[in-house]
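# Fold and contact review
Given next are the chains, with one letter for each unit.
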Amino acid sequence: MISILSETNAPKDNAILDLKNYRLTVNGVRGVFLSDSQKVAIFPYNNQLIIGKNKSMSFDGVVEAGLFTIFGHNFTFSYDTFKIRLQKIDSIKIEVETDKRDNYGTR
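Scoring rules and cut-offs
- Residues numbered from 1 in each chain as written.
- Predicted model: local features only at pLDDT ≥ 70, side-chain atom pairs only at ≥ 80, totals over all residues.
- Heavy atoms only, no water.
- Core = buried A, V, L, I, M, F, W, Y, C linked by side-chain atoms within 4.5 Å.
- Buried < 20%, exposed > 50% of the residue type's maximum accessible area, 1.4 Å probe, protein only.
- Helix = DSSP H or I, 4+ residues; strand = E, 2+ residues; numbered from the N terminus.
- Contact = heavy atoms within 4.5 Å.
- Polar contact = N/O pair within 3.5 Å; in protein donor to acceptor, adjacent residues only side chain to side chain.
- Pairing = 2+ DSSP bridges.

### A few points about the nonpolar core
Formed by 14 residues in total, the largest nonpolar core has its most connected members in V32, L34, I42, L49, M57, F59 and V63. Of all the secondary-structure elements, those providing two or more residues to this core are strand 3 (32-35), strand 4 (40-44), strand 5 (48-51), strand 6 (57-65) and strand 7 (68-78). Apart from the residues within four sequence positions on either side, M57 is in contact with I2, I4, L34, I42, L49, I50, I51, F75, T76 and F77.

### What to know about the side chain of N27
If you trace the backbone, N27 turns up in strand 2 (residues 23-27). In this structure N27 comes out as buried when scored by relative accessible area, which is 6%. A polar atom in the side chain of N27 sits 2.7 Å from the side chain of Q48.

### Details of unusual backbone geometry
Note that the residue after A10, namely P11, is joined by a cis bond; omega there is 10 degrees. By the secondary structure assignment, P11 is in the segment before strand 1 (15-18). The residue N46 is not glycine, and still its phi comes out positive at about 55 degrees. Within the secondary structure, N46 sits in the loop between strand 4 and strand 5. Take N46: its relative accessible area is 74%, and that puts it in the exposed class.

### With respect to the environment of K93
Residue position: K93 is located in strand 8 (residues 83-94). The contact partners of K93, leaving out residues within four places of it in the chain, are L67, F68, T69 and F71.

### Brief notes about the pairing of strand 3
Pairing geometry for strand 3 and strand 4, over three bridges, is antiparallel. When the sheet's bridge partners are listed, V32 is paired in strand 4 with I42. Hairpin remark: strand 3 followed by strand 4, antiparallel, with four residues in the connecting loop; positive phi at K39, about 55 degrees.

### Section: the pairing of strand 2
Where strand 1 lies against strand 2, four bridges are found, and the strand directions are antiparallel. The residue of strand 2 that forms the bridge with L17 is L24. The loop that links strand 1 with its antiparallel partner strand 2 comprises four residues; one of these, Y22, has a positive phi angle of about 60 degrees. Bridge count between strand 2 and strand 5: four bridges; the pairing is antiparallel. Each bridged residue has a counterpart across the sheet, and for T25 the counterpart in strand 5 is I50.

Below you can see the structure in the form of structure tokens.
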């Protein structure tokens, strides 16, 4: 189950349903956790994402997946395949874990 929290201030709507294509534009979304076990979350730019057919989600923003952080536009999450299509990547940040520890004991 995926939970989406929408917090907006008036006069901005939390969501708008387009009855022509049944796409739901959701505003006020800070982030959506897709998988706790694999540490995958999305953080849409402008706090907005679009929910489409079969619970697909389209957004511009940031994807955090394990040690990877991906920034870009035209990202699409498919609920059916549980994959994110990264159409236009601006940059990727990769964290590397080592056996070395800092002064606080953190790797």
